Amino acid sequence: MHARSVGIDALSFYCPRYALDLKVLAEARSVDPQKYAAGLGQDCMAVPPPDEDVVTMGASAALPLVQEGDRDAIALLLFATESGVDQSKAAALHLHGLLDLPHGCRAVEMKQACYSATAALQLACAWLALHPDRTALIVAADIARYELRSPGEPTQGAGAVAMRLAVEPRLLALDPEAGLFADDVMDFWRPNYRSEALVDGQYSTRVYLQSLLHCWAQYREQSGRGLADFDRFCYHLPFTRMAEKAHGRLARACGAPAPDAETLARLVGDGLRYNRQTGNTYAASLYEGLTSLLDTSDADLAGCRIGLFSYGSGCTGEFFSGVVQPDYRVALRAEAHRRLLEDRTALEYQQYEDIFQLAVPTDGGEHAFAQYRTGPFRLAGIGQHKRIYERVDE
Ligand code: CAA
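Residues numbered from 1 in each chain as written. Predicted model: local features only at pLDDT ≥ 70, side-chain atom pairs only at ≥ 80, totals over all residues. Heavy atoms only, no water.

The subject of this paragraph is the sheet that holds strand S2 (residues 18-21). Read across the sheet, three strands follow the order S3-S2-S14 without closing on themselves; strand pairing throughout is mixed. Two strands bound the open sheet, and with one partner strand each, they are strand S3 (44-46) and strand S14 (345-346). In this sheet, S3 lies alongside S2 in antiparallel orientation, the contact comprising three bridges. If you follow Leu20 over to S3, its bridge partner there is Met45. (Pairing = 2+ DSSP bridges. Helix = DSSP H or I, 4+ residues; strand = E, 2+ residues; numbered from the N terminus.)

Written as C-alpha cells, this is what we have:
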C-alpha cells in the first residue's frame, strides 16, 4: 500500500494595510533609490499600524481557511514567530479564541528566527501521517524591525501566512527528503529587552549561503536529485535579491553555469512578487514566496517540483521539496491577495517614523488604541497587562 501524500492544502496571506514606498525612504536617507530597488530587490515595506500585531495579522491570514474548511477537524495549531507578544502565553491561544477553534486542539508557539514555520510544517506532516482524518493549521507572522537609519531598515516588513496541512493536499505534496543544517552563530538576534533586531548584515548573508550549500548536499545525498530535477525554487527572502544570489551560488556549487537573468526570472522570479511589496516577513517569508509563485505564475505548475530553502539566523537551514498538485489552481486565493496588496494606504515618511516610534504601554493601566485600517481583527487596547483583541465589523 502506498503511503498517502501529506502537505499544503490551502494557503492564505495577509499584510498590513499601510505601506512605505522605498523611494520615499531613499529620499529621506539620501540614498540612490536604485540601491533598494535593484541592489536589494525591494519596492515597498508593509507597516503595521499601532492596533495590529502578529496575533491580528496571523488571525486575519487564518480566518478564510477556518471559514472555508472543516473547523472541527483542526487538532493542531502551530504559531511560528520571532515577534511574539508574550514570554509565556503562546500567540496560538489568542488565535484559538479569535478563530473559535475546537478545544481538542494542541496549540503552541514556535521560535527559531525565520525558520520556525518550516519546523512547524515538518512536525505537522509527521503528525498527520498518524492522524490522517485531522488537519493542522500553521500560522507564521512577523514584524521585521531594525533600527532607523541602519542598513537593515530598508528590508523591514510585516505579514502573515496561514497554511492548512492535510493528507492528499490540493496545493503541494511534500517529498520525504530534507537536508538540514544547524550551527551556533551570531548573525542576527534580538535580546528580550529589545524591539529591534541586531544583525551583522554582511556576515548574515554569508552564513545564509553556507547553510544553503550544507542543506543541499544532505538533501542531494538523500534524494539523488540534481538541479535539473526542479522546475522552480523558493528561497527564504530577507530581501528578494537574496534569492538570486542564493540560486547563483547553488548553481556554481553544482558545477552549472551562472544562471542568466532569463533563467533566474523563470526559476525564482514569480516567487518574489509579494515580498518585493511587503519587505521581510521573517517566519512567513518563504511561504509568502511560495504563495506568490503559485498565485502569479502564468505557467501551469501542476506536476512541477519546487525546491524550498528555509533559513533562520542563529542558525538553522533546511532544503526540502514538494510537487504541485493537479488541481492546485482551484485552491488558490490569488484574487484576494492581489486586492490586499493593491488596496494599501501609502505613508509619508513622517507617518512611518511616528508609527515606528510608538510602543505598547507597559504601565499596566487601561489604554484604548486608535482605530486604523486593519483586517478582520485588531488590537483594541491593553489593560492590566492583558492585550484586548476585537473583531472588526466589515
Ligand atoms: N544601484 C544599484 N545597486 C546598488 C546601488 C545603486 N546605487 N548601491 C548599492 N547597490 C547594491 C550593492 O552593490 C549590493 O549588491 P551586491 O550584494 O550584489 O553587491 C546591494 O546593493 C546592497 O548593497 P550593500 O551590500 O552595500 O548594502 P548594505 O551593506 O547597506 O546592506 C544588508 C545590505 C547587509 C543585507 C542589509 O540590508 C542588512 O543588514 N539587512 C538585514 C540582514 C539580512 O537581511 N540578512 C540576510 C541574511 S540573514 C536572513 O536571511 C535572516 C533574516 O531574515 C534576517
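There is more to say, and it comes next.
Turning next to unusual backbone geometry. Across the junction of Gly314 and Cys315, the peptide omega takes the value 0°, indicating a cis bond. Looking at the element boundaries, Cys315 is found in the loop between strand S12 (305-312) and strand S13 (316-324). Phi angles above zero are rare outside glycine, and Asp100 is one such case at about 55°. The topology assignment puts Asp100 in the loop between helix H4 (91-98) and strand S5 (106-110). A relative accessible area of 55% places Asp100 in the exposed class. Even without glycine at this site, Ala113 takes up a positive phi of about 45°. Here Ala113 shows up in the loop between S5 and helix H5 (116-130). Among the residues examined, Ala113 registers a relative accessible area of 10% and is labelled buried. (Buried < 20%, exposed > 50% of the residue type's maximum accessible area, 1.4 Å probe, protein only.)

Time to look at the site of the ligand. Near the ligand, the surroundings consist of 24 residues, among which Lys35, Gln202, Ser204, His236 and Lys245 are the closest. One nitrogen or oxygen atom from the side chain of His236 is found 2.8 Å from an oxygen atom belonging to the ligand. About the coverage of the ligand: the protein hides 73% of its 1,100 Å² of free accessible area. The site holding the ligand turns out to be the second largest pocket. Sorting the residues of the shell around the ligand by element identifies helix H2 (33-40), helix H6 (201-223) and helix H7 (241-253) as the ones contributing at least two each. A total of five residues in the shell around the ligand trace back to one element, the largest contributor, which is H6. (Near = heavy atom within 4 Å. Polar contact = N/O pair within 3.5 Å; in protein donor to acceptor, adjacent residues only side chain to side chain. Areas by Shrake-Rupley, 256 points an atom, 1.4 Å probe, with all protein chains shown as cover. 1 Å grid on protein atoms, 1.4 Å probe; cavity = no way out; pocket = protein on both sides within 12 Å on 5 of 7 lines; lining within 4 Å. Sits in = over half its atoms within 2 Å of the grid points.)

What follows is about the environment of Phe230. Along the polypeptide, Phe230 turns up in the loop between H6 and strand S11 (232-235). For the pair Phe230 and Gly307, spaced 77 residues apart in sequence, the C-alpha to C-alpha distance is 6.4 Å. Each residue touching Phe230, except ones within four places of it in the same chain, is listed here: Trp216, Tyr219, Arg225, Arg305, Ile306, Gly307, Phe319 and Ser321. (Contact = heavy atoms within 4.5 Å.)

By themselves, these observations are geometric and do not establish any function.
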